[in-house]
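# Notes for the structure review
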Amino acid sequence: INLSLFHSAFKRRIKMEPLAKIFKEKDFWKHSFVVNENVLDPRPESELIIETVAKYFQNKKQKLNIIDLGTGSGCIAISLAKEYINSIITANDISENALNVAKRNAKKFNIGNQIKFICCDWIDIDKVYDVIVSNPPYLTISEYKNISKEIINYEPEIALIGGKDGLSCYRKLANKFPKITHSNSLCFIEIGHSQKTESIKIFEEFGMDCIDIIVDYQNYERILIFKRNIK
């Protein structure tokens, strides 16, 4: 054991710095991803997105056109790329610093050719996709003020706050989804633990039907699956 490194890590941990930020890696799904102060640490709840996509798209050899909106560390996009090896993945983020982390992870797993990274707001996306996944910012301003110092001090605010009511990003996505989906596209969206009703209402106003709700390990409704209403 390198005592100098141990003492340095210990001092940082006393200041409530998360272990993932100290050691610059975090396990997610089947792999360990590079993380830093520019991205959220991948959460176990977000693995449900991978599980649910696999439930609806069981043929792992099919060629899917997938987009991960707000990719952060790239953990979801890269995990899907590893599962669906013939698919083409687009991963966007408004933060260039976050995309640099995602690109490092793609290089780590040697799948850079399978993923296209785009620095833009998700409202700038204009292609059509078979699978849309997103874990958008969904904390309200008041919720953000009350979360742990581990999160406030060491994770990017832009990836956490979804406006005054936590739903501003969902409104942007709902407005965009009809334009980037076809009749068989499915959208997998992570939500906060008390946002199901309002989130579904927002998407329904833009012609998207909620076809399934996935509950997480704490029994919170966590993933909503949407499909275009073709009536």
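Going by the structure above, here's the rest.
Residues numbered from 1 in each chain as written. Predicted model: local features only at pLDDT ≥ 70, side-chain atom pairs only at ≥ 80, totals over all residues. Heavy atoms only, no water.

### Topic: the nonpolar core
Counting 32 residues, the largest nonpolar core has Val53 and Phe188 as the members making the most contacts within it. Beyond its immediate chain neighbours, meaning those up to four positions away, Phe188 contacts Ile49, Thr52, Val53, Tyr56, Phe57, Val131, Ile132, Val133, Ser134, Ile223, Leu224 and Ile225. (Core = buried A, V, L, I, M, F, W, Y, C linked by side-chain atoms within 4.5 Å. Buried < 20%, exposed > 50% of the residue type's maximum accessible area, 1.4 Å probe, protein only. Contact = heavy atoms within 4.5 Å.)

### Some thoughts on the sheet that holds strand β9 (residues 221-228)
The strand order β5-β4-β3-β6-β7-β9-β8 describes an open sheet built from seven strands, whose pairing is mixed. With one partner strand each, in any of the chains shown, β5 (115-119) and β8 (208-215) form the two edges of the open sheet. With direction set aside, neighbouring strand axes in the sheet form an average angle of 20°. Contacting β4 (88-93) and β5, helix α5 (residues 96-108) runs over the sheet at an angle of about 170° to β5. (Pairing = 2+ DSSP bridges. Helix = DSSP H or I, 4+ residues; strand = E, 2+ residues; numbered from the N terminus. Axes fitted to C-alpha atoms, helices over the stretch in contact; angles between N-to-C directions.)

### Observations concerning the pattern of salt bridges
One pass over the structure, following the stated rule, counts ten salt bridges. Salt-bridge contacts for Asp212 lead to Lys55; the nearest nitrogen and oxygen are separated by 3.2 Å. Of the two residues, Asp212 sits in strand β8 while Lys55 sits in helix α3 (residues 47-56), which places them 157 residues apart along the sequence. The salt bridge partner of Lys60 is Glu83, with a shortest N-O separation of 2.7 Å. Here Glu83 lies in helix α4 (residues 75-83) and Lys60 lies in the loop between α3 and β3 (65-69), a separation of 23 residues in the sequence. Classification of Lys60 by relative accessible area gives partly exposed; the value is 30%. (Salt bridge = Lys/Arg side-chain N within 4 Å of Asp/Glu carboxyl O.)

### Observations regarding the side chain of Lys21
You can see Lys21 is positioned in helix α2 (residues 19-23). Note on Lys21: relative accessible area 3%, which makes it buried. Among the polar contacts made by the side chain of Lys21, one reaches the main-chain carbonyl oxygen of Val39 at a distance of 3.2 Å. A polar atom in the side chain of Lys21 sits 2.5 Å from the side chain of Asp41. (Polar contact = N/O pair within 3.5 Å; in protein donor to acceptor, adjacent residues only side chain to side chain.)

Treat this as a map of the structure, not an account of what it does.
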